[in-house]
Amino acid sequence: MIAKTEQVQELQRKQMQAGMKLAQLSLDNSQRLLALQVEISRKIFQDGVENARALSAARDAQQAVSIQSRYMQDSAQSLLDCMRQITDLGNASRIELSHLMAEQFAGEGRDWLTSLQMLATRMPGQNVPLVESLGQAMNSLNNAIEQFAKASTTTFSEERTPQTAKATCRRR
């Protein structure tokens, strides 16, 4: 009975650690997103002030239109850059979360399988085929999760170069 209590406590400790990792991941990603928002807001404000100064110094309507046109082009490029940065941040978060989930499930799966095996050996009749089937199912599930984590890592970690971003924008 003491061994069973220790196992339950160990599982609870692991769950608590996983919860703390998830909370830390969430805080880190929120902090990165907030820093990005502050940076973007500062840049937009500075660009607006510079544009206002340039427009107030314009000598004629044609120069004002030229300044405004250049500002709009720069703003559109900045918007695309911001979208890319937010997408990169989201992809990095997804990768970290998928790794955390894969680690957690793989560890818990082994713990649960061990607990089931111990339970089955203590039961009358010892249903060995059932335990083996559960073990095979858990292994298959672990393999599937690992493949998913690898696939999501490669999919979300592909960096887009400025040339591919421009090509994507032109296609639209």
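Parameters and conventions
- Residues numbered from 1 in each chain as written.
- Predicted model: local features only at pLDDT ≥ 70, side-chain atom pairs only at ≥ 80, totals over all residues.
- Heavy atoms only, no water.
- Helix = DSSP H or I, 4+ residues; strand = E, 2+ residues; numbered from the N terminus.
- Buried < 20%, exposed > 50% of the residue type's maximum accessible area, 1.4 Å probe, protein only.
- Areas by Shrake-Rupley, 256 points an atom, 1.4 Å probe, with all protein chains shown as cover.
- Contact = heavy atoms within 4.5 Å.
- pLDDT = per-residue confidence, 0-100.
- Patch = residues over 30% accessible without salt bridge, like charges linked within 9 Å, V, L, I, M, F, W, Y side chains within 5 Å.
- Salt bridge = Lys/Arg side-chain N within 4 Å of Asp/Glu carboxyl O.

A word on the overall build of the protein
- Helix and strand content of the protein: four helices and zero strands.
- Counting from the amino terminus, the protein carries its helices and strands in the arrangement α-α-α-α.
- For the protein, with 172 residues in total, the buried portion stands at 17%.
- Looking at the protein as shown, the accessible area adds up to about 13,200 Å², and 60% of this sits on carbon and sulfur atoms.

Things to note about the environment of Leu55
- Relative to the helices and strands, Leu55 resides in helix α1 (residues 2-56).
- Residue class for Leu55 comes out partly exposed when judged on its relative accessible area of 30%.
- Once residues within four sequence positions are removed from consideration, Leu55 is found in contact with Ala64, Ile67 and Gln68.

Side note on the confidence of the model for the protein
- Within the protein, residue pLDDT values average 78, and 72% of them lie at 70 or more.
- Across the protein, element-level confidence peaks in α1 with a mean pLDDT of 86 and bottoms out in helix α4 (residues 162-171) with 44.

Digging into the environment of Gln15
- With respect to the secondary-structure elements, Gln15 resides in helix α1.
- The class of Gln15 is partly exposed, set by a relative accessible area of 39%.
- When the C-alpha positions of Gln15 and Gln104 are compared, they lie 8.5 Å apart, and in sequence the two are 89 residues distant.

What to know about the side chain of Ser78
- Secondary-structure assignment places Ser78 in helix α2 (residues 61-122).
- Ignoring any residue separated from it by four or fewer positions in sequence, one finds Ser78 in contact with Lys43 and Asp47.

A short note on a nonpolar patch on the surface
- On the surface, a cluster of nonpolar side chains totalling about 270 Å² of accessible area is made up of Leu22, Leu97 and Met101.
- Relative to the helices and strands, Met101 is located in helix α2.
- According to the relative accessible area criterion, Met101 is exposed, its value standing at 51%.

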